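Residue-level structural notes
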Amino acid sequence: MTTDTIPLDGAWHEPDSGTVRGAALLFHGNTMNFYTGAPRFLPPVLTRLGYACLAFNRRGHDILAIRNSRAAEGAAFQTYKEAIEDNRIAARWVAKKGFPDPVVIGHSNGGMLAVRHVADHPRTPKLVLLSAHCGGKDMLPLACKNGLLAQDRLDEFTREAKRRKPKDLLLMPGWWYAITAESFFDLANCPDILELAPKIGCPVLYVRGGKEPRDLYPAEEFQKRCKGACAVEIVPDADHFYSRHEERVAGIVSRWLQ
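Note that the coordinates shown come from a computational prediction; the quantities given were computed from them, not determined experimentally.

**Observations regarding the pairing of strand β10 (residues 204-209)**
Of all six residues that make up β10, six are buried, and the element is covered over most of its length. Note on the crossover from β10 through helix α9 (residues 219-225) to strand β11 (residues 230-235): the handedness is right-handed.

What follows is the structure in structure tokens.
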């Protein structure tokens with residue numbers, strides 16, 4: 001899949017039976033990619049249900065990577081404008097395969113972006129959110145409060161980013177570890193899933209790990225504000241990545257889709 005800068009890589013999964021009931025788009029989490037996390041453990045379940053699915057990298061995949069030169073790419077450079085466009089490009093690619101209205105499934109930052117995508121694509125039949133973070137203006141301080149990004153040094157990193165050139169890398173103590181000054185300030189453009197919830201009319205499944213903070217992953221509040229029906233599932237003892245709970249989460253998603 002082509003963009004105005006670098007191409008998007010991914011994997012297209014089809015049911016072994018050859019009978020396809022629909023398609024699904026899988027949006028990966030921050031600094032992840034199409035072959036880790038949910039985009040890895042969900043395709044076998046989805047294809048058994050008869051869904052073809054596309055797991056793909058946004059331009060903001062992994063933390064840092066190279067392609068065919070020493071020029072770096074990855075999540076350290078990401079912007080929300082590019083991420084939103086990457087999801088649209090992937091949706092157009094799936095439409096050309098014969099599926100104009102795929103199910104959308106997103107994990108973490110990909111879940112937040114999935115809400116933005118579905119708000120812009122009201123014909124989406126179903127939406128699955130796996131630990132979608134809140135987004136919006138409160139996301140950065142909330143993430144820092146919970147030990148991510150700049151942790152307790154947000155003011156210090158904000159001052160440092162203002163002194164740097166846009167593409168200069170900053171080393172952060174939590175989560176992204178490396179981020180450009182431009183990408184750091186772009187966090188202010190993060191879509192707000194609670195503001196977008198009244199625009200989501202399709203059925204929604206919102207899953208959260210029991211170890212995750214409710215304010216950062218606001219499943220219950222999203223459910224209250226959602227225009228359509230929204231089911232909430234809390235997985236006891238599960239962390240943000242559902243480590244050792246992948247099969248259980250896949251089962252929850254499978255049963256809900258059926």
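**Details of the packing of aromatic side chains**
Evaluation of the coordinates by the stated rule reveals seven aromatic pairs. Arranged with centres 5.4 Å apart and planes meeting at 75 degrees, the rings of W12 and W93 form a pair that is edge-to-face. Placement of W12 in strand β1 (residues 10-13) and of W93 in helix α3 (residues 80-96) is noted, with a sequence separation of 81 residues between them. Given the relative accessible area of 21%, W12 is considered partly exposed. Take W93: its relative accessible area is 29%, and that puts it in the partly exposed class.

**A few points about the packing of α3 against helix α4 (residues 109-120)**
When two helices pack together, their arrangement is given by the angle between their axes and by how far apart the axes lie. At a minimum axis separation of 10 Å, α3 and α4 run at an interaxial angle of 65 degrees. Seen along the crossing, α3 lies across α4 with a hand that is right-handed. The segment α3 lies against α4, with Y80, A83, I84, N87, R88 and A91 engaging N109, M112, L113, R116, H117 and D120. Among the residues forming the contact of α3 with α4, the class breakdown is six nonpolar, three polar and three charged.

**Looking at the layout of surface pockets**
Computed from the structure, the largest pocket encloses a volume of approximately 330 Å³. T5, R59, F77, T79 and E82 are the residues nearest the centre of the largest pocket, which is lined by 16 residues in total. Contributions of two or more residues to the lining of the largest pocket are made by β5 (72-73) and α3. Here the lining of the largest pocket takes three residues from α3, the largest share from any one element. Counted as a void, the second largest pocket has a volume near 220 Å³. Along its surface, the second largest pocket is lined by 14 residues, and L148, W175, L216, Y217 and H240 are the ones closest to its centre. Tallied by class, residues from the lining of the second largest pocket come to eight nonpolar, four polar and two charged.

**A short note on the environment of L169**
The residue L169 is located in strand β8 (residues 169-171) in this model. By relative accessible area, which is 35% here, L169 ends up partly exposed. Taking the C-alpha atoms as reference, L169 lies 5.4 Å from I179; in sequence the two are 10 residues apart. Excluding its chain neighbours within four sequence positions, the residues that come into contact with L169 are L64, A76, R164, A178, I179 and T180.

**Points about the nonpolar core**
Membership of the largest hydrophobic core comes to 55 residues, with the highest contact counts inside it found for L127, L129, L149, I200, Y206 and F222. When residues no more than four places from it in sequence are discounted, the contact partners of Y206 are L129, A132, I193, Y217, P218, A219, F222, C230, A231, V232 and E233. Listed in part, the 26 residues of the second largest apolar core include A38, V103, L130 and L205.

**Some thoughts on the side chain of R59**
Turning to its location among the elements, R59 is positioned in the loop between β3 (51-56) and β4 (65-66). Within the structure, R59 has its side chain in polar contact with the side chain of D4 (distance 2.9 Å). In terms of polar contacts, R59 uses its side chain to reach the side chain of D86, at 2.7 Å. In this structure, R59 is in contact with T3, D4, T5, I6, L8, G74, E82, E85 and D86, ignoring residues within four places of it in sequence.

**Brief notes about the pairing of β3**
Counting buried positions along β3 yields six of six residues, so the element is predominantly enclosed. Residues Y51, C53 and A55 of β3 are buried on one face, and the alternating residues A52, L54 and F56, pointing to the opposite face, are buried as well. The sheet contact formed by β1 and β3 spans four bridges and is antiparallel. The residue bridging H13 from the neighbouring strand is C53, located in β3. Sheet topology places strand β2 (residues 22-27) next to β3; six bridges connect them, and they run parallel.

Calculation rules
- Each chain has its residues counted from 1, running along the sequence as written.
- Residues qualify for local features only when their pLDDT is at least 70, as the model is predicted, and side-chain atom pairs are given and counted only at 80 or more; totals for whole chains, interfaces and linings, by contrast, use all residues.
- Water and hydrogen atoms were dropped before computing side-chain values, which therefore reflect all heavy atoms in the structure.
- Type-normalised accessible area, obtained with a 1.4 Å probe on protein chains alone, sets the label of each residue: buried when under 20%, exposed when over 50%, and partly exposed for intermediate values.
- The numbering of helices and of strands both runs from the N terminus, where a helix is a DSSP run of H or I of at least 4 residues and a strand a run of E of at least 2.
- The handedness rule is simple: strands pointing away from the viewer, and a clockwise path from the first strand over the helix to the second, make the crossover right-handed.
- Ring pairs shown here join Phe, Tyr and Trp side chains whose ring centres sit within 6.5 Å, with only the six-membered ring taken for Trp; geometry is labelled stacked below 30 degrees between planes, edge-to-face above 60, and tilted in between.
- For every element, the axis is a line fit to its C-alpha atoms; helices are fit only across the contacting stretch, and the angle between N-to-C directions ranges from 0 to 180 degrees.
- Take the far helix as your reference; a near helix turned counterclockwise from it by less than a right angle gives a left-handed crossing, and one turned clockwise gives a right-handed crossing.
- Contacts between residues were defined by any pair of non-hydrogen atoms, one from each residue, lying within 4.5 Å.
- Note on residue classes: Ala, Val, Leu, Ile, Met, Phe, Trp, Tyr, Cys and Pro are nonpolar, Asp, Glu, Lys and Arg are charged, and everything else, Gly too, is polar.
- A 1.4 Å probe that fits but cannot get out identifies a cavity on a 1 Å grid over protein atoms alone, an open set with protein on both sides within 12 Å along at least five of seven lines counts as a pocket, and a residue lines either if it has an atom within 4 Å of a point.
- Grid points are joined across faces, edges and corners, and a volume is the space filled by probe spheres set on the points.
- Side-chain atoms within 4.5 Å link the members of a nonpolar core, which is a set of buried Ala, Val, Leu, Ile, Met, Phe, Trp, Tyr and Cys residues.
- Residues adjacent in sequence count toward polar contacts only when both atoms are side-chain atoms; beyond that, a polar contact is any pair of N or O atoms within 3.5 Å, and within protein one must be able to donate a hydrogen and the other to accept it.
- Any two strands with at least two DSSP-identified bridges between them are counted as paired.

It is worth stressing that arrangement in space is one thing and function is another; only the former is reported here.
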